[in-house]
Amino acid sequence: MRHEEEPLPGGDGGHASDGGGTSSDKKAARNDRRFEKSKFRAEKTGAKLDAAREKAASQKPPVKPNPTKAAVKKAAAGAWYYAHQKIHEVEQENVGVEAAHRTELAGEKAVRGTSRFVKHRIQTRLTRRIAKLERRDVRAKADFEYRRMAREHPELKENSVSRFFQKQRIKRQYQKQAREAAKQGTRAAGKAASATGKLTRAAAAFVKRHPAGLLIALIAFLLILVLQSCMASMTTIGNGLIGAVGAGTYPSHDSDILAAETAYSNMETKLQNEVQDYATLHPGYDEYHFNLDKVEHDPYVLISILSALHDGAWTIDEVQNTLSTLFGKQYQLTQSVQTETRYRTEMSTVTNPDGTTQTVTRQVPYTYTICTVTLHNEDLSHLPVSILTEEQLSRYAFYMKTHGNRPDLFPQSQYPNASTLESYTDYDIPAEYMSDKTFAAMMTEATKYLGYPYVWGGSSPETSFDCSGYVSWVINHSGWNVGRLGAQSLYDICTPIPASEAKPGDLVFFEGTYNTTGVSHVGIYVGDGEMIAAGDPIGYSDITTSYWKSHFFSFGRLPSP
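Residues numbered from 1 in each chain as written. Predicted model: local features only at pLDDT ≥ 70, side-chain atom pairs only at ≥ 80, totals over all residues. Heavy atoms only, no water.

Peer 1: Could you give an account of the overall build of the protein, naming the residues involved and the relevant values?
Peer 2: In terms of helices and strands, the protein carries 16 helices and twelve strands. Out of the 561 residues in the protein, the part that is buried amounts to 35%. The long-range share in the protein, meaning contacts at least 24 apart out of those at least 6 apart in sequence, stands at 72%. Accessible area for the protein stands at about 32400 Å²; split by element, carbon and sulfur atoms hold 55% of it. (Helix = DSSP H or I, 4+ residues; strand = E, 2+ residues; numbered from the N terminus. Buried < 20%, exposed > 50% of the residue type's maximum accessible area, 1.4 Å probe, protein only. Contact = heavy atoms within 4.5 Å. Areas by Shrake-Rupley, 256 points an atom, 1.4 Å probe, with all protein chains shown as cover.)

Peer 1: Would you mind going over the pattern of salt bridges in detail, with residue names and values included?
Peer 2: With the rule as written, the count across this model stands at eight salt bridges. In this structure, the salt-bridge partner of Arg342 is Glu340, at a minimum N-O distance of 2.9 Å. Under the relative-accessibility criterion, Glu340 is labelled partly exposed at 33%. Notably, a salt bridge pairs Arg395 with Glu391, separated by 3.5 Å at the nearest N-O pair. A residue pair is termed a helical-turn pair when its members lie 3 or 4 positions apart in one helix, as Arg395 and Glu391 do in helix α12 (residues 390-402) at four residues. We classify Glu391 as partly exposed; its relative accessible area is 36%. In this structure, a network of salt bridges that share partners links the residues Asp254, Arg406 and Asp408. (Salt bridge = Lys/Arg side-chain N within 4 Å of Asp/Glu carboxyl O.)

Peer 1: Help me get a handle on the packing of helix α13 (residues 437-446) against helix α14 (residues 467-476), residues and values and all.
Peer 2: Packed helices, taken two at a time, are described by the angle between their axes plus the distance between the axes. One can describe the packing of α13 onto α14 by two numbers: an axis separation of 8 Å at closest approach and a directional angle of 125 degrees. On the basis of the axis angle, α13 is oblique to α14. When the axes of α13 and α14 are compared, the crossing they make is right-handed. Here Met442, Glu445 and Ala446 of α13 lie close against α14, whose contacting residues are Tyr470, Trp473, Val474 and Ile475. Partitioning the contact of α13 with α14 into residue classes produces six nonpolar, no polar and one charged. (Axes fitted to C-alpha atoms, helices over the stretch in contact; angles between N-to-C directions. Parallel < 35°, antiparallel > 145°, perpendicular 65-115°, else oblique. Left-handed = near helix turned anticlockwise from the far one by under 90°. Nonpolar A, V, L, I, M, F, W, Y, C, P; charged D, E, K, R; others polar.)

Peer 1: Just give me the short version of the nonpolar core, but keep the residues and values in it.
Peer 2: Core analysis: the largest hydrophobic core is formed by 40 residues, its most contacted members being Ile303, Leu306, Leu323 and Tyr396. Broken down by secondary-structure element, the contributors of at least two residues to this core are α7 (254-276), α9 (299-309), α10 (320-330), β2 (331-351), β3 (357-377) and α12. In terms of residue count, α9 provides more of this core than any other element does, eight residues in total. When near neighbours in sequence (up to four residues on either side) are disregarded, Leu323 contacts Ala260, Ala263, Tyr264, Met267, Leu302, Leu306 and Ile316. Counting 30 residues, the second-largest nonpolar core is a separate cluster that includes Tyr452, Phe465, Ile475 and Val519. (Core = buried A, V, L, I, M, F, W, Y, C linked by side-chain atoms within 4.5 Å.)

Peer 1: Just give me the short version of the sheet that holds β2, but keep the residues and values in it.
Peer 2: Reading across from one edge, β1-β3-β2 is the order of the three strands in this open sheet, with mixed pairing throughout. Either end of the sheet is taken by a strand with one partner, and the two such strands are β1 (287-292) and β2. Direction aside, the axes of adjacent strands within the sheet are offset by 10 degrees on average. Lying on the sheet, α7 is in contact with β1, β2 and β3; it crosses β2 at an angle near 15 degrees. Here α10 sits on the sheet and contacts β2 and β3; the angle it forms with β2, its principal contact strand, is near 55 degrees. (Pairing = 2+ DSSP bridges.)

Peer 1: Please provide a residue-by-residue account of unusual backbone geometry, values included.
Peer 2: A positive phi angle, near 75 degrees, is found at Asp379, a position not held by glycine. Relative to the assigned elements, Asp379 resides in the loop between β3 and α11 (384-387).

Peer 1: Let's hear about the pairing of strand β12 (residues 552-557): which residues, and what values?
Peer 2: Where strand β7 (residues 495-497) and β12 come together, three bridges link them in antiparallel fashion. When the bridges of β12 are listed, Thr495 appears paired with Arg557. Relative to β12, strand β8 (residues 507-511) runs antiparallel, the two sharing four bridges. Its bridge partner being in β12, Leu507 is matched across the sheet by Gly556.

Peer 1: Before we move on, could you go through α10 and cite the residues and values that matter?
Peer 2: Counting buried positions over the eleven residues of α10 gives eight, a clear majority of the element. For α10, the complete set of buried residues consists of Thr322, Leu323, Thr325, Leu326, Phe327, Gly328, Lys329 and Gln330. On its buried side, α10 packs onto α7, α9, β2, β3 and α11.

Peer 1: Describe the pairing of strand β11 (residues 538-542), and please don't skip the residues or the numbers.
Peer 2: Burial of β11 is extensive: four of the five residues sit out of reach of the surface. In the sheet, strand β10 (residues 530-534) pairs with β11 via five bridges, with the strands oriented antiparallel. Bridge pairing in β11 places Glu530 opposite Asp542. Where β10 hands over to β11, the hairpin turn is made up of three residues, counted between the paired strands.

Peer 1: For the environment of Tyr285, give the residues involved together with the corresponding values.
Peer 2: Of note, Tyr285 is situated in the loop between α8 (278-281) and β1. What makes Tyr285 partly exposed here is its relative accessible area of 25%. Aside from chain neighbours lying at most four places away, what touches Tyr285 is Gln335, Val337, Thr369 and Cys371. Of note is the side chain of Tyr285, whose polar atom sits 3.2 Å from the side chain of Gln335. (Polar contact = N/O pair within 3.5 Å; in protein donor to acceptor, adjacent residues only side chain to side chain.)

Peer 1: Explain the packing of aromatic side chains to me, and be specific about the residues and the numbers.
Peer 2: Scanning the entire structure with this criterion turns up 19 aromatic pairs. Judged by centre distance (6.4 Å) and plane angle (85 degrees), the ring pair of Tyr278 and Phe290 falls under edge-to-face. Within this pair, whereas Tyr278 is found in helix α8, its partner Phe290 is found in strand β1, the two being separated by twelve residues in sequence. A residue is classified by how much of its surface remains accessible, and Phe290, at 40% relative accessible area, is partly exposed. Of the aromatic side chains, those joined through ring pairs into one cluster are Phe510, Tyr525, Tyr547, Trp548, Phe552 and Phe555. The side chain of Arg342 reaches across the aromatic face of Tyr368, ending 3.6 Å from its centre. (Phe/Tyr/Trp six-rings, centres within 6.5 Å; stacked < 30°, edge-to-face > 60°. Lys NZ or Arg CZ within 6 Å of the ring centre and 35° of its normal.)

The analysis is restricted to geometry; functional conclusions fall outside its scope.
Written out as structure tokens, the structure reads:
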């Protein structure tokens with residue numbers, strides 16, 4: 001508990017603690033290991049690339065064609081053409097000869113295609129390897145250079161946007177250097193291609209001597225290529241799916257996750273007991289008044305915050321300080337004391353001069369104290385926007401969307417809160433409504449984010465959205481340019497209209513959906529009593545239900561974009 005004049009527990013609203021000095025040392029050690037690995041990769045890829053370039057440069061120059069062999073080849077081609085021409089003259093008279101001739105031509109065509117393919121692969125093998133190594137080298141050196149700069153200038157890590165552009169700038173520098181080196185590599189590749197001439201001519205001669213056998217080999221080779229292509233595609237898809245699942249899965253062990261939830265719940269139980277026994281624990285006041293929010297939280301919000309704050313798997317010991325900080329930010333128990341001067345009637349016996357006595361009454365002032373106890377629950381889901389960086393907020397939103405791929409951990413966890421909207425439905429927008437180009441543009445953007453989780457303060461696809469952040473994003477990408485506005489500010493730029501005049505594309509506003517003054521929620525009206533809005537998750541909602549009717553404030557029409 002704290003008095004009103006005392007600071008909030010857990011600091012000044014900055015990032016939550018990462019578990020103390022031990023966790024900081026571990027993080028520093030982890031960063032050092034990553035730096036050394038990045039350095040090793042950069043050196044290794046550079047060495048491989050240099051070796052490949054040296055090999056290309058050492059290839060012998062191209063050998064000029066032998067005039068005798070060229071003449072023999074030309075004569076053989078003439079003989080081949082003459083033979084096929086004679087066969088063609090008589091094949092019309094014999095169906096068997098025609099079929100055999102066409103089969104032979106198809107086989108020879110396949111052989112020639114295979115020969116060209118083999119030649120091309122042999123000639124370009126070294127060039128392709130150098131290009132592949134150059135791409136690896138650019139990535140590895142750019143990563144190492146960024147990590148080196150981040151060591152010397154830690155401020156580079158503080159902003160995800162500047163970090164991104166810094167990495168891209170470094171990468172472009174290395175790509176430019178690679179292009180300069182590629183010019184020399186191209187010349188070397190030409191030499192390499194010529195040096196393999198003898199090998200390719202030998203392969204072509206073999207093809208001519210064994211056309212039937214090679215046709216069978218070609219068919220087998222094509223089947224292998226098809227299978228490899230399918231396997232490569234499946235591998236790519238599989239890796240993508242595995243990566244997506246991995247990115248959305250809680251990194252810690254179930255035992256640590258459940259222990260963190262238990263520890264936080266125990267703190268809530270202790271707080272609840274203190275509130276219930278407040279008069280006994282804090283005696284000395286004449287009267288107690290209580291103004292109390294509910295003591296509750298969503299376990300998935302808690303674990304998603306912890307997983308976003310801590311890079312990689314965490315243990316219960318590493319997050320104890322973070323749990324205390326989060327608890328201090330979510331709950332504030334305060335008391336205020338008022339004093340009043342009151343009067344009570346006192347009776348006393350007075351002796352008169354004549355010796356008689358009488359009873360007299362009088363009003364005696366005294367101080368009366370009233371203690372008002374307030375428990376404010378900030379709602380744990382409102383904290384991420386103030387304690388997480390943009391990159392961490394993105395991870396938090398992803399964890400909330402997937403529930404860490406562990407919906408079985410807390411099956412009864414969906415506590416109602418200010419962000420939870422009731423009666424979400426499926427809704428098909430009638431085609432005639434979409435004839436309005438402005439409304440169609442709004443819906444094209446708005447429906448991209450169906451199913452995204454509610455994140456208090458979120459205002460982009462990377463961080464997900466709250467109600468006003470979602471509407472602001474949609475209209476800013478549909479022709480308007482209003483910036484990031486809150487629900488009340490969105491109402492202020494609209495022209496209020498009666499419900500009877502509302503049409504698809506208007507905004508609909510509500511009040512009292514959580515404890516705040518003025519407009520508290522906003523959605524986009526899509527017609528027929530439906531809106532699309534950021535709840536938990538983003539989706540359509542029937543605004544004719546008793547809940548929305550009780551909180552309805554007004555419709556509003558946006559100015560022309």
